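As a plain string of letters, each chain reads:
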Amino acid sequence: MGFARACSVALVGVEGVLVEVQADLEPGVAAFTLVGLPDKTLVESRDRVRAAVVNSGAQWPQKKLTVGLSPASVPKSGAHFDLAVAAAVLGAAEVVDPAVIADLVLIGELGLDGRVRPVRGILPAVLAAAEAGYRQVVVPQQCAAEAGLVPDVSVLAVRSLRQLIAVLTDGELPEEEPPERAGRPDSMLAGLTVPGAGLGTGLSRGTGDGPDFPDLADVAGQQAARRALEVAAAGGHHLFLSGPPGAGKTMMAERIPWILPPLTRQDSLEVTAVHSVAGILPPGEPLVGRAPYCAPHHSATMQSLVGGGAGIPRPGAVSLAHRGVLFLDEAAEFSGKALDALRQPLEAGHVVIARAAGVVRLPARFLMVLAANPCPCGRHTLLGAGCECPASVVRRYQARLSGPLLDRVDLRVGVEPVTRSDLLGRGGRGESTETVAARVLEARDRAAARLADTPWRLNSEVPGHELRTRWPAGPGALAQAERDMERGLLTARGLDRVLRVAWTVADLRGRDRPDALDATVALELRTGIARGATLAAGAPS
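Presented here is a report on the structure given in the accompanying data block. Keep in mind it's a predicted model, so treat the numbers as computed, not measured.

About the criteria used
- Residues numbered from 1 in each chain as written.
- Predicted model: local features only at pLDDT ≥ 70, side-chain atom pairs only at ≥ 80, totals over all residues.
- Heavy atoms only, no water.
- Helix = DSSP H or I, 4+ residues; strand = E, 2+ residues; numbered from the N terminus.
- Buried < 20%, exposed > 50% of the residue type's maximum accessible area, 1.4 Å probe, protein only.
- Salt bridge = Lys/Arg side-chain N within 4 Å of Asp/Glu carboxyl O.
- Axes fitted to C-alpha atoms, helices over the stretch in contact; angles between N-to-C directions.
- Parallel < 35°, antiparallel > 145°, perpendicular 65-115°, else oblique.
- Left-handed = near helix turned anticlockwise from the far one by under 90°.
- Contact = heavy atoms within 4.5 Å.
- Nonpolar A, V, L, I, M, F, W, Y, C, P; charged D, E, K, R; others polar.
- Pairing = 2+ DSSP bridges.

**Here's the deal with unusual backbone geometry**
A cis amide bond links serine 70 to the next residue, proline 71, at an omega of 10°. The backbone phi angle of glutamate 94 is positive, close to 65°, even though this residue is not glycine. As for its position among the elements, glutamate 94 is in the loop between helix H3 (82-92) and helix H4 (98-101). Exposure remark for glutamate 94: the relative accessible area of 66% places this residue in the exposed category. In the Ramachandran plot, glutamate 330 falls in the positive-phi region, its phi being about 50° despite a non-glycine side chain. Owing to a relative accessible area of 28%, glutamate 330 belongs among the partly exposed residues under this scheme.

This is how it looks when you write it as structure tokens:
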């Protein structure tokens, strides 16, 4: 009787669970049984592995073969178990030494010809292996750069099962396979991306050094909205842009990721793990360094926003926008059920999805930007524009954004129509993306220094109780906000958010703590009621 074991990783959401792949050979009628709660894709690995082993020059054992995936209670899906199953079978058949593969974590899909094909989710899988104490992993050659992002882990990149057998047995390495014909896309990369999954994520622009770099200076006019964008980026505050069509709401939202600071190493790993599992990681870019931008269509379902799908839930738009921007254009056209599902991730920074196949926790800390027209025709706020929407229709349209959702939005800005003078540039161009991004980075550094010994990094993450007790505002700074709360214009959550925005405004102005002007600016941005202080936001003192 032969027995061998190897290890692989099962992905549950964006987290990995170590799976021990055990192979047992017994005398009897030749058969191949796979147990351990596999799905349809994994059951089909029996035929893939058998063909790959034979076509790699090894002899398939003509005995009763049982392959078990432990722990059996964890649902397992995907073709990335193929390499571990093949190694365990070869170990049980004594083609390779079972002791050599016992401490290996193997991840990869096998083709019928024995080639090792790349798979999604390499980064979270290798991270799970490293946390479990494994120090050597075997991955497809195309995924070596992504696996190499994990420190203290030795990565063995293989292109075929024949090569893996040669490495494990100290045999002669096979010859290099001929490259793909010039001008033809690499067929081995087909498994890395899901067709259509990356639409609307904004990842195709790379680092923004090309001619398509979105410059904030291209936005004509809109000084108040530009200041609100700067405050939102500096403190991580959610933003609601309301105004007529054609005023530049979408144009401004698309430029927010470029005024955000580059992602830190830890944030990059979190974002890359989510995008790798979702199949939207750009080929040749194993590490995402720029804040992602996700803009789903208003017909998106609740499952596509927060995550879901058949079997184990998959990341939704809120997770694809993790550490970046989630832009909901035509927000009033989204279904109320989908919008209200955003309440939990807006507060918690993650989303927990419970399904029959299991419970998944997905990261979802993002900056949400809502854009909507004031009425169905969009001309309600324009004088003499001929809006014919009845008052009841306008109220019903605006009520599609529920009060609890808007209560979680820190900044509410009315976007005015662009004038002819602004459009022709007679007043001069506004500040460029580089100039605003430099101020945002300086404000974030100031906040990070203040919050250095805490679990928070942005003003929007600090609980209101901590702000009121550990970092109080200036004397009388919140007097006006407190009066609005007494009159019912602000909720308790709203008062905390005004204080958070006031701290961000103070950071942009280079002040040690918010004063009355900072709080007035924050209150105006929160309520949308003009108080004559908006233009002071972000201006250096």
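Having seen the structure, we can now continue with the description.
**Structural notes on the pattern of salt bridges**
Across all of its chains, the model carries 27 salt bridges by this definition. Across the pair aspartate 218 and arginine 255 runs a salt bridge whose closest N-O atoms are separated by 3.7 Å. Of this pair, aspartate 218 sits in the loop between helix H7 (161-169) and helix H8 (223-235) while arginine 255 is found in the loop between helix H9 (249-253) and helix H10 (256-259), placing the two residues 37 residues apart along the sequence. A relative accessible area of 39% places aspartate 218 in the partly exposed class. Across the pair aspartate 484 and arginine 487 runs a salt bridge, and its minimum N-O distance is 2.6 Å. Among the residues examined, aspartate 484 registers a relative accessible area of 1% and is labelled buried. Among the charged side chains, a network of salt bridges with common partners joins Glu347, Asp407, Arg408, Asp410, Arg493, Arg497 and Arg526.

**A word on the packing of helix H22 (residues 492-509) against helix H23 (residues 516-527)**
As a packed pair, H22 and H23 sit with axes 8 Å apart at the nearest point and diverge in direction by 125°. One way to sum up the angle between H22 and H23 is to call them oblique. In this structure, the crossing between H22 and H23 has a hand that is right-handed. Every residue of H23 that contacts H22 at Gly494, Arg497, Val498, Val501, Ala502, Val505, Ala506 and Arg509 is listed here: Leu517, Asp518, Ala519, Val521, Ala522, Leu523, Leu525 and Arg526. Its residues assigned to classes, the contact of H22 with H23 shows eleven nonpolar, one polar and four charged.

**With respect to the sheet that holds strand E11 (residues 293-294)**
Hydrogen bonding along the main chain pairs the strands of a sheet, whether they run parallel or antiparallel. An order of E11-E12-E15-E10-E16 is seen for the five strands of this open sheet, with the pairing classed as parallel. In this open sheet, the two edge strands, each paired with only one partner strand, are E11 and strand E16 (411-414). Here strand E10 (residues 239-242) pairs with E16 via four bridges, running parallel. Directly across from leucine 239, in E16, lies its bridge partner leucine 411. Taken strand by strand, H8 contacts E10, strand E15 (367-372) and E16, and its axis lies near 165° from that of E16.

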